[in-house]
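So you can see what is in the structure, the chains are spelled out below.
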Amino acid sequence: MTGGFHLAQINIGRLKAHIDDPQIADFKDNLDAINALAEGSPGFVWRFTGDGNNATDVQAFDDPLMAINMSVWESVAALGAFVYRSEHVAFMRRRREWFHGVDNFMALWWTPAGHRPTPQEAIARLATLGRLGPTSEAFTFKTPHPAPDAAHPPLPILDECA
């Protein structure tokens with residue numbers, strides 16, 4: 001954990017149907033449980049929501065089927081533990097049921113503690129990662145960069161959900 005910085009993340013996906021379509025129902029019906037799991041996980045700081053308890057009503061892209069998820073964590077290790085070593089991983093393994101593949105779907109970056117990124121900021125970080133590859137501005141679990149106040153870089157997280 002770093003004192004003055006937290007880890008922000010964005011991940012996006014293009015739904016195979018509208019969020020209210022029966023094809024997406026199992027995804028939608030499990031969001032509250034997955035979000036509660038995140039909020040109860042060690043190192044969780046904040047997650048982006050729209051008018052409800054999730055961000056499914058937020059249209060951050062021109063394409064109405066593009067979904068956005070954003071959160072802030074104390075460290076790369078804390079986020080990695082939630083993503084790859086909690087019940088969340090079983091949910092992620094089913095993502096192809098609900099989402100089309102997207103090449104550039106996730107980015108991580110350090111943000112000052114207390115800052116809550118906006119969708120525009122997060123989308124810009126995702127674009128930076130796509131344009132430049134992993135840098136201190138935007139990186140991945142496999143290529144983490146240290147927080148500005150860290151003495152050592154975080155270890156890569158090489159887990160995959162398959």
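A brief structural summary. Nothing here was measured: the structure is a model prediction, and the numbers come from that model. (Residues numbered from 1 in each chain as written. Predicted model: local features only at pLDDT ≥ 70, side-chain atom pairs only at ≥ 80, totals over all residues. Heavy atoms only, no water.)

## Points about the environment of Lys28
- Topologically, Lys28 is positioned in helix H1 (residues 25-39).
- In this structure the C-alpha to C-alpha distance between Lys28 and Trp73, which are 45 residues apart in sequence, comes to 23 Å.
- Residue contacts for Lys28: discarding those within four places in its chain leaves Ile19 and Asp20. (Helix = DSSP H or I, 4+ residues; strand = E, 2+ residues; numbered from the N terminus. Contact = heavy atoms within 4.5 Å.)

## Quick notes on the layout of surface pockets
- Each pocket or cavity is described by its volume, and for the largest pocket that value is around 1,300 Å³.
- Along the walls of the largest pocket sit 48 residues, with Asn11, Ile12, Met92, Arg95 and Phe105 positioned nearest its centre.
- Among the elements of the structure, strand E1 (5-15), H1, strand E3 (66-73), helix H2 (76-85), helix H3 (88-93), helix H4 (95-98), strand E4 (99-100) and strand E5 (106-112) are those that each provide at least two residues to the lining of the largest pocket.
- Residue contributions to the lining of the largest pocket peak at 6 residues, all from E3.
- Grouping the amino acids of the lining of the largest pocket by side-chain chemistry returns 28 nonpolar, 13 polar and 7 charged.
- Approximately 190 Å³ is the volume found for the second largest pocket.
- If you trace the second largest pocket, you find 14 residues lining it, with Ile19, Thr56, Val58, Pro64 and Met66 closest to the centre.
- Looking at the lining of the second largest pocket, the element that brings in the most residues is E3, giving 3 residues.
- Partitioning the lining of the second largest pocket into residue classes produces 10 nonpolar, 3 polar and 1 charged. (1 Å grid on protein atoms, 1.4 Å probe; cavity = no way out; pocket = protein on both sides within 12 Å on 5 of 7 lines; lining within 4 Å. Points joined across faces, edges and corners; volume = space filled by probe spheres on them. Nonpolar A, V, L, I, M, F, W, Y, C, P; charged D, E, K, R; others polar.)

## As for the pairing of E5
- For E5, a buried count of 6 out of 7 residues is recorded, marking the element as mostly surrounded by other parts of the structure.
- Here 7 bridges tie E1 to E5, and the two strands are oriented antiparallel to one another. Across the sheet, residue Ile10 finds its bridge partner in E5, namely Ala107. (Buried < 20%, exposed > 50% of the residue type's maximum accessible area, 1.4 Å probe, protein only. Pairing = 2+ DSSP bridges.)

## Considerations on the pattern of salt bridges
- Taken as a whole and judged by the stated rule, the model has 6 salt bridges.
- With a shortest N-O distance of 3.4 Å, Glu137 and Arg125 are connected by a salt bridge. Pair noted here: Glu137 is in the segment after helix H5 (119-132) and Arg125 is in helix H5, with a separation of 12 residues, a long-range link.
- Judged by its relative accessible area of 19%, Arg125 is buried.
- One salt-bridge network, in which partners are shared between bridges, spans Asp26, Arg94 and Glu97. (Salt bridge = Lys/Arg side-chain N within 4 Å of Asp/Glu carboxyl O.)

## Looking at the side chain of Arg47
- With respect to the helices and strands, Arg47 occurs in strand E2 (residues 44-47).
- Of the residues examined, Arg47 reaches a relative accessible area of 10% and is grouped as buried.
- One polar contact links Arg47 to Glu39, side chain to side chain, over a distance of 2.8 Å.
- Within the local environment of Arg47, its side chain forms a polar contact with the backbone oxygen of Asn53, the two atoms lying 2.6 Å apart. (Polar contact = N/O pair within 3.5 Å; in protein donor to acceptor, adjacent residues only side chain to side chain.)

## Structural notes on the environment of Ala60
- Checked against the element boundaries, Ala60 lands in the loop between E2 and E3.
- Along the sequence, Ala60 and Thr118 sit 58 residues apart, while their C-alpha atoms lie 9.9 Å from each other.
- With sequence-adjacent residues up to four places away left out, Ala60 is seen in contact with Ile68, Pro119 and Ile123.

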